Amino acid sequence: MTTAEKALERSGVGTVTGTPAEVRKKLAHLPVDQVVALTLQHSNKALAHVLLDAVAGLAALIPSIIERRHEAKYQSIIEAIVPDVPMPQHRLIEARMTAEARKGVLETGEWMTAAEVAEMAGFSASNPSAQPNKWKKDGQIFAVRHHGVDYFPGYAFGPSTDYRPAKDLARVLEVFRGKKDDWGLAYWFASVNSFLGGKRPQDLLISKPDRVVAAAEDEVAGVLHG
């Protein structure tokens, strides 16, 4: 079996190279329906073989590419035919309430980008987000995502912490791990808390961290026990 015949058997696409006479002879023995010819006016056998291998590799990919495009067009036709489904009223209300809650949190809290945190803490300007993002990864701080940007809580930093995350914030985050997402944490820190005598956790995080940790534990215990 020739190389071209083996290629045909594997992928349905085969290639032959040589002079016009040689190619005609080879094609006569190939059971194919269509032939695409690529001619080289000034070339040699080595270059022809390199070009042949490149074309063969590309040709084998074309059917799957066409199939993906057909599927994409098929799905776009379905989407165009199917009318838009209006969002249920309760979902609209939930979305509006969530938007208002997030707006309130961002307006009442002191939120900083990674670059602003790095500048405040005196880190290198070459990669300002590196250290704040490492703190987040290590569970020392959290950040809320807004318009594609991470915002860190400014109330977690201060002169007494050398503008690093308040060390007891990690304890609070550990208490709420798996129970509150980043926005849930932001809501909790920004809300008045009866356990703290009507104070907000964010106002006491640095000055009275043990009370804030205890409030977090009380919150989780209340949820667990109804």
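Residues numbered from 1 in each chain as written. Predicted model: local features only at pLDDT ≥ 70, side-chain atom pairs only at ≥ 80, totals over all residues. Heavy atoms only, no water.

Enquirer: Mind showing me how you'd approach the sheet that holds strand β3 (residues 149–153) here?
Expert: Through backbone hydrogen bonds, the strands of a sheet pair up, either in parallel or in antiparallel fashion. Taken in spatial order, the three strands of this open sheet run β1-β3-β2, and their pairing is antiparallel. Edge positions in the sheet fall to β1 (111–112) and β2 (144–146), since each has one partner strand and no second. (Pairing = 2+ DSSP bridges. Helix = DSSP H or I, 4+ residues; strand = E, 2+ residues; numbered from the N terminus.)

Enquirer: I'm lost on the confidence of the model for the protein chain in this one. Help?
Expert: Regions with low pLDDT should not have their predicted coordinates read in detail. With 91% of its residues at a pLDDT of 70 or more, the protein chain shows a mean pLDDT of 85. Across the protein chain, element-level confidence peaks in helix α7 (residues 169–175) with a mean pLDDT of 97 and bottoms out in helix α1 (residues 3–11) with 50. (pLDDT = per-residue confidence, 0-100.)

Enquirer: Any chance you could explain the packing of aromatic side chains here in plain terms?
Expert: The geometry of an aromatic ring pair is captured by two quantities: the separation of the ring centres and the angle between the planes. Per the stated rule, a full pass over the model turns up nine aromatic pairs. When the centroid spacing of 5.8 Å and the interplanar angle of 15° are considered together, the rings of F142 and F189 count as stacked. Linking F142 in the loop between α6 (130–137) and β2 with F189 in helix α8 (residues 182–190), this pair joins segments that are 47 residues apart in sequence. We note that F142, like F189, is buried. On the numbers, 5.1 Å between centres and 80° between planes, the contact of W188 with F189 is edge-to-face. For W188, a relative accessible area of 6% puts it in the buried group. An aromatic cluster of three or more residues is present, and its members are W111, F142, Y155, F176, W188 and F189. In this structure, K180 packs its charged tip against the face of F176, placed 5.3 Å from the ring centre. (Phe/Tyr/Trp six-rings, centres within 6.5 Å; stacked < 30°, edge-to-face > 60°. Buried < 20%, exposed > 50% of the residue type's maximum accessible area, 1.4 Å probe, protein only. Lys NZ or Arg CZ within 6 Å of the ring centre and 35° of its normal.)

Enquirer: Is there a simple way to explain helix α5 (residues 114–121) in this structure?
Expert: Since the α-helix turns once every 3.6 residues, residues separated by three or four places project in the same direction. Buried within α5 are the following residues: A114, V117, A118 and A121. The buried residues of α5 occupy an angular sector of 100° when the element is viewed end-on, so they sit on one face. Where α5 is buried, its residues meet β1, α6 and β3. Backbone geometry just downstream of α5 places G122 in the positive-phi region, at approximately 80°. (Arc of directions from axis to C-beta. Contact = heavy atoms within 4.5 Å.)

Enquirer: Just checking my understanding: could you explain the side chain of T113 for this structure?
Expert: The topology assignment puts T113 in the loop between β1 and α5. Setting aside residues up to four positions removed in sequence, T113 forms contacts with V149, D150, Y151 and F152.

Enquirer: Which parts of the structure should I look at to understand the pattern of salt bridges?
Expert: A side chain of one charge can pair with a side chain of the opposite charge if their charged atoms are brought near each other. Tallied over the entire structure, the rule returns eleven salt bridges. Across the pair D210 and R171 runs a salt bridge, and its minimum N-O distance is 3.1 Å. Highlighted residues: D210 in helix α10 (residues 209–224) and R171 in helix α7, separated in sequence by 39 residues. Residue classification places D210 among the exposed residues on the basis of a relative accessible area of 52%. Residue class for R171 comes out partly exposed when judged on its relative accessible area of 38%. (Salt bridge = Lys/Arg side-chain N within 4 Å of Asp/Glu carboxyl O.)

Enquirer: When you look at the nonpolar core in this model, what are you seeing that I'm missing?
Expert: For soluble globular proteins, the rule of thumb is that nonpolar side chains tend to be buried together. The biggest cluster of nonpolar side chains holds 34 residues, and the ones touching the most others in it are F142, V172, W188, F189 and L205. At the level of elements, β1, α5, α7, α8 and α10 are the ones that each hand at least two residues to this core. With six residues, α8 is the largest single contributor of residues to this core. Not counting residues within four places of it along the chain, the set of residues in contact with F142 comprises W111, Y151, F152, P153, Y155, L173, D182, L185, A186 and F189. (Core = buried A, V, L, I, M, F, W, Y, C linked by side-chain atoms within 4.5 Å.)

Enquirer: What am I meant to see in unusual backbone geometry here?
Expert: Apart from glycine, the bulk of residues carry a negative phi angle, and the bulk of peptide bonds sit in the trans form. Phi at H147 takes a positive value of approximately 55°, unusual for a residue other than glycine. Among the secondary structure elements, H147 is positioned in the loop between β2 and β3. H147 sits in the exposed class, given a relative accessible area of 72%. Phi is positive for D162, which is not a glycine, with a value near 60°. Note on placement: D162 falls in the loop between β3 and α7.

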